[in-house]
Amino acid sequence: MAHIVIMGAGTGGMPAAYELRAKLDKSHRITVVNAVDYFQFVPSNPWLAVGWRERDAITFPIRPYLAKKEIDFVGQPVSRIDAEGNALDFADGSRLTYDYLVIATGPKLAFEEVEGSGPGGHTHSICTVDHAEHTYQGYQELLKSPGPVIIGAFQGASCFGPAYEFSFIVNRDLRNRKVRNKIPMTYVTSEPYIGHLGLGGVGDSKSMLESEFRNNDIKWITNAKVTKVEAGKMFVTELDELGNVKKEHELPFKFSMMLPAFKGVDPVGAVEGLCNPRGFVIVDEYQRSKKFRNIFSAGVCVAIPPVEATPVPTGTPKTGYMIESMVSAIVHNIWADLNGQSANSKGTWNAFCLADMGNTGAAFVALPQIPPRNVNWFKKARWVHWAKVAFEKYFIYKMKQGNSEPIYEKHVLKWMGIERLQDKP
């Protein structure tokens, strides 16, 4: 009997647990370990931050739903990974041994890299449900006393989609409230141009998103390095294409949401030989650690190089379809190892994303994620908004039901007429 432990219970960890339970016989034990005892559907946080969702609609307690599938649960943070001893240590002194470890923790939010930033400083975040609720409180203060808004992503960020989403969602909400004319908006980003997305652009993303910003009176600053944030003021160094200083900005704001750079979580990054200098897990083509052959990893915590060098550092995003494919590969490869077979299942670096824009949305497909591509497609359409709403409801329902089938491959892609991202939409 093998014991498989999964660190993280997000959009990678929960599906991994369910797929493993469906793939392996009941003689094998599965345990999920998570820092908190609830699941949160992170893609809905931009809606929560403006009051379009309630916390209860996008969270649920983990333990009872895993228990229905005979999956164990530990709801506390890991203090140390003993990779040589095949065990996790916890702050209360307890210890959990494993035969296989699947790391799906997501990132550490590196607000400390920009002075004065983050929920403990002067900017807001939508990276967790707690952060989004705090952002909602700040947004209510903005509505009471309107003033300038800054939204964007700090240097080193690798997830730009939510910043674009939040810009358009705030814009739409303010228009609905008839107060948009009182609130100037600026998008500040480390990207070299609007629509870069950490992917070198996808299709017409640059021209389309620039057009949307112009049509909605949102100004922007790209190649932006934020040096510090003070109460009501952001200090931004704008670079040119060669990395030279182009302009220094002191931007006033009443409300700001800035996505941080990501790092690996502390206990993962502390394991010698497991990670790169930023704490992301180095894996082979089978999602397996190159040093520890019984450790696998999926999702944001995996090391993927930037698609290109940019004047201000930008990272590469890991989208939902990519995470789903990584998880499925891990499940198959653990099963193969248990049955004396060689690993042969690989995750994809193809990118597929649905991004909400308030009352419309944008979808893109990048195959492969790193250019040049076989498929390079970006489209704005009202159906994308409703597709994301439907996806949210189905994903949460699926997690509560313990359904192990891949949601993108079985439903979303086929609904769009795409077979495993092999055909152009």
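Residues numbered from 1 in each chain as written. Predicted model: local features only at pLDDT ≥ 70, side-chain atom pairs only at ≥ 80, totals over all residues. Heavy atoms only, no water.

With that settled, the discussion passes to the overall build of the chain. Within the chain, the secondary structure is distributed over eleven helices and 22 strands. What you see for the chain is a C-alpha radius of gyration of 21 Å, in line with the 22 Å of a compact globule of 425 residues. Each principal axis of the C-alpha distribution contributes one length, and for the chain these read about 65 × 50 × 45 Å. Within the chain, contacts between residues separated by at least 24 positions form 65% of all contacts whose residues are at least 6 apart in sequence. (Helix = DSSP H or I, 4+ residues; strand = E, 2+ residues; numbered from the N terminus. Rg over C-alpha atoms; globule rule 2.2 N^0.38 Å. Contact = heavy atoms within 4.5 Å.)

So, on to the pattern of salt bridges. The tally for this structure, following the rule as stated, stands at 24 salt bridges. Two residues, Asp 284 and Arg 288, come together in a salt bridge whose shortest N-O distance is 3.3 Å. Judged on exposure class, the residue Asp 284 and its partner Arg 288 are both buried. For the salt bridge of Asp 284 with Arg 293, the shortest nitrogen-to-oxygen distance reads 3.7 Å. Given a relative accessible area of 45%, Arg 293 falls into the partly exposed group. Via salt bridges that share partners, Arg 80, Asp 82, Asp 89 and Arg 95 belong to a single interconnected network. (Salt bridge = Lys/Arg side-chain N within 4 Å of Asp/Glu carboxyl O. Buried < 20%, exposed > 50% of the residue type's maximum accessible area, 1.4 Å probe, protein only.)

Time to look at the environment of Thr 11. Structurally, the position occupied by Thr 11 is in the loop between strand S1 (3-7) and helix H1 (13-23). For Thr 11, a relative accessible area of 32% puts it in the partly exposed group. Taking the C-alpha atoms as reference points, Thr 11 and Ile 323, 312 residues apart in sequence, are found 7.9 Å from one another.

This part is about the pairing of strand S14 (residues 224-230). Looking along a regular strand, one sees side chains alternate from face to face of the sheet. Bridging between S14 and strand S15 (residues 233-239) involves six bridges; their strand directions are antiparallel. From the neighbouring strand, Lys 225 faces S15, where its bridge partner is Thr 237. In textbook terms, the turn of a hairpin is the stretch between consecutive antiparallel strands, and for S14 and S15 this stretch comprises two residues, one of which, Gly 232, has a positive phi near 80°. (Pairing = 2+ DSSP bridges.)

For the chain, per-residue confidence averages 93 on the pLDDT scale, and 96% of positions sit at 70 or higher. Taken together, the stretch residues 420-425 has pLDDT below 50 and engages in 18 contacts with residues farther than four places along the chain or on a different chain. (pLDDT = per-residue confidence, 0-100.)

The strand order across the open sheet formed by three strands is S20-S21-S22, and the pairing between neighbours is antiparallel. Each having just a single partner strand, strand S20 (351-356) and strand S22 (375-381) make up the two edges of the open sheet. Mean inter-strand twist for the sheet, computed between neighbouring axes without regard to direction, equals 5°. Pairing of S20 with strand S21 (residues 361-367) involves six bridges; the strand directions are antiparallel. Opposite Ala 355, over in S21, you have Ala 362 as the bridge partner. (Axes fitted to C-alpha atoms, helices over the stretch in contact; angles between N-to-C directions.)

Evaluation of the coordinates by the stated rule reveals zero disulfides. Unpaired in this structure, Cys 353 has its nearest cysteine sulfur neighbour in Cys 159, at a distance of 8.2 Å. (Disulfide = S-S within 2.5 Å.)

Bringing the environment of Ala 17 into the picture now. Among the structural elements, Ala 17 can be located in helix H1. Along the backbone, Ala 17 and Phe 73 are 56 residues apart, and their C-alpha atoms lie at a distance of 10 Å. Here Ala 17 is in contact with Ile 6, Ile 30, Val 32 and Ile 71, once residues within four sequence places are set aside.

Spatial strand order, S5-S2-S1-S9-S19: five strands in an open sheet with parallel pairing. Each edge of the open sheet carries a strand with a single partner, namely strand S5 (72-74) and strand S19 (295-297). Averaged over all pairs of adjacent strands, the angle between strand axes in this sheet comes to 20°, irrespective of strand direction. Bridge analysis of S1 against strand S9 (residues 100-103) gives four bridges, and the strand direction is parallel. For Val 5, the partnering residue across the bridge sits in S9 and is Leu 101. Lying on the sheet, H1 is in contact with S1 and strand S2 (29-33); it crosses S1 at an angle near 160°.

Ile 81 and Leu 88 are the most contacted members of the largest nonpolar core, which has 112 residues in total. Not counting chain neighbours up to four residues away, the residues in contact with Ile 81 comprise Met 7, Ala 87, Leu 88, Tyr 98, Leu 101, Ile 103, Pro 267, Val 268 and Val 271. Residues Ile 150, Val 188, Ala 224 and Val 226 belong to the second largest nonpolar core, which totals 13 residues. (Core = buried A, V, L, I, M, F, W, Y, C linked by side-chain atoms within 4.5 Å.)

Looking at the secondary structure, you find Ser 205 in helix H7 (residues 205-215). Side-chain polar atoms of Ser 205 contact the backbone oxygen of Gly 195, separated by 2.7 Å. In this structure the side chain of Ser 205 is engaged in a polar contact, spanning 2.9 Å, whose partner is the backbone nitrogen of Val 202. Those residues in contact with Ser 205 that lie beyond four places of it in its chain are Ile 194, Gly 195, Leu 197 and Phe 378. (Polar contact = N/O pair within 3.5 Å; in protein donor to acceptor, adjacent residues only side chain to side chain.)

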